[in-house]
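Working through the structure, step by step
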Amino acid sequence: MHDPSQEENKQLLSTIGPVVPVADFIDEGHASACCELFTECGVPSVEVTLRRPNAWDSVRKCIELMPNAQVGIGTVIEADQLRQAKDLGAAFAISPGILPELVLLAQELGLPYYPGVASASELMLARSMGLRAVKFFPAEAAGGIPMLKSLGSPFPDMVFCPTGGISVKNYQDYLALGNVSCVGGSWVVPSQAALAESPDTVIAGLKQVYG
Ligand code: 3PG
């Protein structure tokens, strides 16, 4: 099957890394401070998770302050969140799991969408709906690198963005796999305390990953 939109989704996944910051911003101020540093350090994307009532304010801030980056929405678990992501001009959306109704809605909206899978059965569901690029979550808890290697044999046409438990210690091992296009992680998102106390260390850490 050749689905041009899936080719585009695969392509997008390979450009938003190597590491997509998975951000649970405290508020707009935290988002602004991170966006400033992300831009300075050449971070190509950010996934703003919908885990707080004010998360959409942070999304708007990121879209405003990182116009040349791919700003995506994470922790999407309901249809209205996908619609809102599309309305705000988000570049992509990501879910921790897979719901057929959300896959269909994203296809209808024309929004690059990466549902999460953690098993061969969920991957078969995603593939049966035309998807060729998905999130692998929770990566470390669901089998990590050995699991991705195992899934590679029966599903050679699928690519993954593993997230959940990815760290500075293991991200390069994930990226070395042929079926991994990028990884996601919260460890590259500085806390407000780190920004206030040691901005130089934060910048050095980001430059190590994105430099
Ligand atoms: C996600 O939603 O992708 C994860 O919560 C990120 O996991 P991490 O905090 O282990 O990086």
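Quick caveat: nothing in here was measured; it's all calculated off a predicted structure. (Residues numbered from 1 in each chain as written. Predicted model: local features only at pLDDT ≥ 70, side-chain atom pairs only at ≥ 80, totals over all residues. Heavy atoms only, no water.)

Okay, the overall build of the protein next. Summing up its helical and strand segments, the protein has ten helices and nine strands in all. With respect to the three principal axes, the spread of C-alpha positions in the protein is 50 × 35 × 25 Å. Taken across its 211 residues, the protein has 50% of its residues classed as buried. When contacts within the protein are restricted to residue pairs at least 6 apart in sequence, long-range pairs at least 24 apart make up 63% of them. Total accessible area computed for the protein in this model is approximately 9400 Å², and 52% of it derives from carbon and sulfur atoms. Considering the protein, the positive charge centre built from 13 side chains and the negative charge centre built from 22 side chains are found 5 Å apart. (Helix = DSSP H or I, 4+ residues; strand = E, 2+ residues; numbered from the N terminus. Buried < 20%, exposed > 50% of the residue type's maximum accessible area, 1.4 Å probe, protein only. Contact = heavy atoms within 4.5 Å. Areas by Shrake-Rupley, 256 points an atom, 1.4 Å probe, with all protein chains shown as cover. Lys, Arg positive; Asp, Glu negative; His and termini not counted. Charge placed at Lys NZ, Arg CZ, Asp CG, Glu CD.)

What follows is about the nonpolar core. If you look at the biggest cluster of nonpolar residues, it comprises 62 residues, and the most contacted ones within it are Phe 25, Val 46, Leu 82 and Phe 160. Residues Val 20, Ala 91, Phe 92 and Cys 182 belong to the second largest nonpolar core, which totals twelve residues. (Core = buried A, V, L, I, M, F, W, Y, C linked by side-chain atoms within 4.5 Å.)

Let us look at the site of the ligand. For the ligand, the full set of nearby residues is Val 22, Arg 51, Lys 135, Phe 137, Thr 163, Gly 164, Gly 165, Gly 185 and Ser 186. One nitrogen or oxygen atom from the side chain of Arg 51 is found 2.5 Å from an oxygen atom belonging to the ligand. Note that an oxygen atom of the ligand is positioned 2.5 Å from one of the side-chain N or O atoms of Ser 186. Look at the ligand: alone it shows 320 Å² of surface, and the protein chains cover 79% of it. (Near = heavy atom within 4 Å. Polar contact = N/O pair within 3.5 Å; in protein donor to acceptor, adjacent residues only side chain to side chain.)

What follows is about helix H4 (residues 79–88). Restricting attention to buried positions, one finds in H4 the residues Gln 81, Leu 82 and Ala 85. Burial along H4 is one-sided: seen end-on, the buried residues are contained in an arc of 100 degrees. Exposed residues lying more than 90 degrees from the buried face of H4 are Asp 80 and Asp 87. As for H4, its buried residues are in contact with helix H3 (55–65), strand E3 (70–74), strand E4 (92–94), helix H5 (100–109) and strand E5 (113–114). Directly after H4, the chain includes Gly 89, whose backbone phi takes a positive value near 90 degrees. (Arc of directions from axis to C-beta.)

As a further point, take the sheet that holds strand E6 (residues 116–117). One open sheet accounts for three strands, arranged E6-E7-E8; its pairing is parallel. This sheet does not close on itself; its edge strands, each paired only once, are E6 and strand E8 (159–162). Pairing between E6 and strand E7 (residues 133–136): two bridges, direction parallel. By the bridge assignment, Val 117 is partnered in E7 with Phe 136. (Pairing = 2+ DSSP bridges.)

With 13 residues, helix H2 (residues 28–40) ought to run about 18 Å at 1.5 Å a step, and its terminal C-alpha atoms sit 18 Å apart, in line with that. Regarding H2, the residues found buried are His 30, Ala 31, Ser 32, Cys 34, Cys 35, Leu 37 and Phe 38. On its buried face, H2 sits against strand E1 (19–23), strand E2 (45–49), H3, helix H9 (192–197) and helix H10 (199–210). Among the residues of H2, the N-terminal cap falls to Asp 27, whose side-chain oxygen and the backbone nitrogen of Gly 29 are separated by 3.1 Å. Trailing H2 by a residue or two, Gly 42 shows a phi angle of about 75 degrees, which is positive. (Expected span 1.5 Å × (residues − 1).)

Right, let's talk about the side chain of His 30 for a bit. Tracing the sequence through the fold places His 30 in helix H2. Note on His 30: relative accessible area 5%, which makes it buried. Separated by 2.8 Å, the side chain of His 30 and the backbone oxygen of Pro 190 make a polar contact. For His 30, the residues in contact, after removing those within four places along its chain, are Asp 24, Phe 25, Pro 190, Ser 191, Gln 192 and Leu 195.

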